[in-house]
Amino acid sequence: MLIVSENLSDLRAEVLSWKQNNEVVGFVPTMGNLHEGHLSLISKIRRCGATKTIVSIYVNPKQFGPEEDYSKYPRTLDEDIKLLKKLNVDCVFCPSDKEIYPPNEKNLITTNNPSLMNELCGRQRPGHFYGVLLVVNKLMNIVRPDIAIFGQKDYQQYILIKDMVQQLFTSIDIVLAPIIRENDGLAMSSRNSYLNPDQRSKAVYLYESLVRASKKIYKNAGDYMSILDTEIERLNKDDLNVDYLELRKTDNLSNVEDYKNISGQYILLGAIRLGETRLIDNIIL
Ligand code: AMP
């Protein structure tokens, strides 16, 4: 039976009772409006050994900039709960803002400022990753899972969380899950619902560019910058405003100094804007 918990202390009591029964607690943080991508995280965390699964649904105000889509972000709790019931998830945690950010909370703690927070998506979204790390920390401390899972689609988020957990000695295994795509290759995202039909047909160009560029880079290591420039030009011509298209090292997202053709070592990441909608995607080479 799915337990729907809005309350921090109820959730903690439930998790404690599971732990006393030696259950392995798996945690899937989301902002809701669940799609196949989210659901794949649930199957994967079970394959990784979770015997109890908690999904959180919380649209975290602190990770949205003042001009961003916080107020229009799709909130579909009833449908989400139906999906989670079908998958036999054990608990959905959908806290209120008051629960996560008590009004008397002053001088909000943030993690230090790793430079990666201000690169790639962080360049266009100042403060975004502070909000992400803050809420993930809070949620992980509430739930105290054994395993938590994050999608490759938000790869920069995954690296920052993995680093944070390691540096703070948080004893939670962090697992990465592959990107689930629509039939044409577009990465599934709650934000795809913002796209009009014309934008939707163009949205897949980002993935196509990533595929084309990654093949070329992999084949002829040489001048990857000019390969990326060609793709940026092509996307911009199609009215997709490119925020960035960058090749980085997969293990820590550091810059590539000396490209060597080794499978898995590099990741190509991109972000575009289609009208007001910002979409991200990536491919590991
Ligand atoms: P969100 O609700 O967008 O914050 O996403 C919650 C989790 O689902 C994050 O770990 C995302 O990386 C992951 N996720 C989002 N879209 C996908 C996708 N298309 N495939 C796999 N995981 C995804």
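Residues numbered from 1 in each chain as written. Predicted model: local features only at pLDDT ≥ 70, side-chain atom pairs only at ≥ 80, totals over all residues. Heavy atoms only, no water.

It is common to give the size of an interface as the accessible area lost on bringing the parts into contact. Examined at the domain level, the protein chain breaks down into domain 1 (3-177) and domain 2 (190-284). Averaged C-alpha coordinates put domain 1 and domain 2 at centres separated by 26 Å. Counting residues at the interface gives 22 residues for domain 1, matched by 19 residues for domain 2. Taken over both partners, the interface formed by domain 1 and domain 2 buries close to 1,900 Å², and the fraction arising from carbon and sulfur atoms is 51%. By the criterion of area lost to domain 2, the three top residues of domain 1 are L120, Q124 and Y155, representing 31% of everything that side buries. The tally of links between domain 1 and domain 2 comes to 3 salt bridges. For R191, the salt bridge goes to D69, with nearest N and O atoms at 2.7 Å. (Domains from an automatic or database assignment. Contact = heavy atoms within 4.5 Å. Buried area = accessible area lost by both parts, 1.4 Å probe. Salt bridge = Lys/Arg side-chain N within 4 Å of Asp/Glu carboxyl O.)

One pass over the full model with this rule turns up 17 salt bridges. Ionic pairing is found between R248 and E246, a salt bridge with its closest N-O pair at 2.9 Å. Exposure class is identical for R248 and E246. Each is buried. Here the residues in one salt-bridge network are E119, R123, E246 and R248, joined through shared partners. (Buried < 20%, exposed > 50% of the residue type's maximum accessible area, 1.4 Å probe, protein only.)

A word on the sheet that holds strand β7 (residues 241-249). The strands making up a sheet associate through hydrogen bonds between their backbones, and the pairing can be parallel or antiparallel. Pairing within the open sheet is antiparallel, and its 3 strands lie in the order β7-β8-β9. On the outer flanks of this sheet lie β7 and β9 (277-284), each paired with one strand and no other. Between one strand axis and the next, the sheet turns through 15° on average, direction left out of account. Bridge analysis of β7 against strand β8 (residues 266-274) gives 8 bridges, and the strand direction is antiparallel. What sits directly across from V242, in β8, is I272. (Pairing = 2+ DSSP bridges. Helix = DSSP H or I, 4+ residues; strand = E, 2+ residues; numbered from the N terminus. Axes fitted to C-alpha atoms, helices over the stretch in contact; angles between N-to-C directions.)

Turning next to the side chain of T277. Following the sequence through the fold, T277 ends up in strand β9. Excluding its chain neighbours within four sequence positions, the residues that come into contact with T277 are R191, Y194, L195 and I272.

Turning our eyes to something else, we now look at the sheet that holds strand β2 (residues 25-30). Spatial strand order, β1-β4-β3-β2-β5-β6: 6 strands in an open sheet with parallel pairing. Sheet topology places β1 (3-5) and β6 (173-177) at the edges, where each strand pairs with a single neighbour. Between one strand and the next, the sheet's axes are offset by a mean angle of 25°, whatever the strand orientation. Where strand β5 (residues 147-151) meets β6, 5 bridges bridge the pair, whose relative direction is parallel. Across the sheet, G151 pairs through a bridge with A177, a residue of β6. Strand contacts of helix α7 (residues 155-167): β5 and β6, with the helix running at about 170° to β6, the strand carrying the most contacts.

Take α7 next. In a regular helix each residue adds 1.5 Å, so 13 residues correspond to 18 Å; α7 covers 18 Å between its end C-alpha atoms and thus fits that length. Along α7, the positions that sit buried rather than exposed are Y155, Q156, Q157, Y158, I159, L160, I161, M164 and V165. F169 sits one or two positions beyond α7 and adopts a positive phi of about 55°. (Expected span 1.5 Å × (residues − 1).)

Around the ligand, the structure places 17 residues, and the nearest of them are H38, G151, D154, I180 and M188. Here H38 contributes a side-chain N or O atom positioned 2.9 Å from an oxygen atom of the ligand. Contacts to the ligand include M188, whose backbone N or O atom sits 2.9 Å from a nitrogen atom. About the coverage of the ligand: the protein hides 93% of its 490 Å² of free accessible area. Residue assignment for the shell around the ligand shows that the elements contributing at least two residues are β2, α2 (36-47) and β5. The element best represented in the shell around the ligand is α2, accounting for 3 residues. In terms of residue class, the shell around the ligand is made up of 9 nonpolar, 6 polar and 2 charged. (Near = heavy atom within 4 Å. Polar contact = N/O pair within 3.5 Å; in protein donor to acceptor, adjacent residues only side chain to side chain. Areas by Shrake-Rupley, 256 points an atom, 1.4 Å probe, with all protein chains shown as cover. Nonpolar A, V, L, I, M, F, W, Y, C, P; charged D, E, K, R; others polar.)

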